[in-house]
Amino acid sequence: SPLARVSQHASVGAGTIVMHFALVNADAEVGENCIINNRALVEHDVVVGDHCHVSTGSILNGNAQLGSRSFYGSGAVSKEGAIIPEGSFVKANSIVK
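All of these numbers come straight from a predicted model, not from anything done at the bench.

Visitor: Which residues make up the sheet that holds strand β15 (residues 89-90), and what values go with them?
Guide: Within a sheet, adjacent strands bond to each other through the backbone by hydrogen bonds, running parallel or antiparallel. Pairing is parallel across the open sheet formed by five strands, whose spatial order is β3-β6-β9-β12-β15. The open sheet has two edge strands, β3 (17-18) and β15, and neither has a second partner. Note that strand β6 (residues 35-36) and strand β9 (residues 53-54) share two bridges and pair parallel. Its bridge partner lying in β9, I36 is registered against V54.

Visitor: I'd like a rundown of the sheet that holds strand β2 (residues 11-12), residues and numbers included.
Guide: Taken in spatial order, the five strands make up an open sheet running β2-β5-β8-β11-β14, and their pairing is parallel. Bordering the open sheet on either side are β2 and β14 (83-84), each of which pairs with just one other strand.

Visitor: Mind laying out the nonpolar core, listing which residues take part and the relevant values?
Guide: If you look at the biggest cluster of nonpolar residues, it comprises 24 residues, and the most contacted ones within it are I36, V48, L60 and Y72. If we skip the residues at most four places from it in the chain, Y72 touches H53, V54, S55, S58, I59, L60, L66, V77, S78, I84, V90 and V96.

Visitor: Describe the side chain of T16, and please don't skip the residues or the numbers.
Guide: Mapped onto the fold, T16 is located in the loop between β2 and β3. Other than its neighbours up to four places away in sequence, T16 contacts V30, G31, E32, N33, C34 and I36.

Visitor: Account for the environment of A82, with residues named and values stated.
Guide: Within the secondary structure layout, A82 lies in the loop between β13 (77-78) and β14. Separated by 15 residues in sequence, A82 and K97 place their C-alpha atoms 5.9 Å apart. Apart from the residues lying within four places of it in its own chain, the contact partners of A82 are N63, A64, Q65, V96 and K97.

Visitor: Quick one: what's the story with the pattern of salt bridges, residue by residue and with numbers?
Guide: What the rule picks out here adds up to one salt bridge. Salt-bridge contacts for E86 lead to R69; the nearest nitrogen and oxygen are separated by 2.6 Å. Separated by 17 residues along the polypeptide, E86 in the loop between β14 and β15 and R69 in the loop between β11 (65-66) and β12 (71-72) bring together distant segments of the chain.

Thresholds, definitions, all that
- Residues numbered from 1 in each chain as written.
- Predicted model: local features only at pLDDT ≥ 70, side-chain atom pairs only at ≥ 80, totals over all residues.
- Heavy atoms only, no water.
- Pairing = 2+ DSSP bridges.
- Helix = DSSP H or I, 4+ residues; strand = E, 2+ residues; numbered from the N terminus.
- Core = buried A, V, L, I, M, F, W, Y, C linked by side-chain atoms within 4.5 Å.
- Buried < 20%, exposed > 50% of the residue type's maximum accessible area, 1.4 Å probe, protein only.
- Contact = heavy atoms within 4.5 Å.
- Salt bridge = Lys/Arg side-chain N within 4 Å of Asp/Glu carboxyl O.

See below:
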């Protein structure tokens, strides 16, 4: 979306869409075929694997890792450095430690 912000120091894989008001910060890496949905925040140094959905209004804090083929629910918030395994389903409004 033209209303999204992706740092020039971030990388976004082929087939990934970054929706309205989403933010992908410096040194973040987002894999292929992902959805970074409306108002999601992917903070510095986060790694999002391939085929993930980062839902509306969710936050992946610095250095977090979201494994491939994972769903990260609306309003979910991760602690800095959290590691979320491949194939995970994180419920809406969860706090991930």
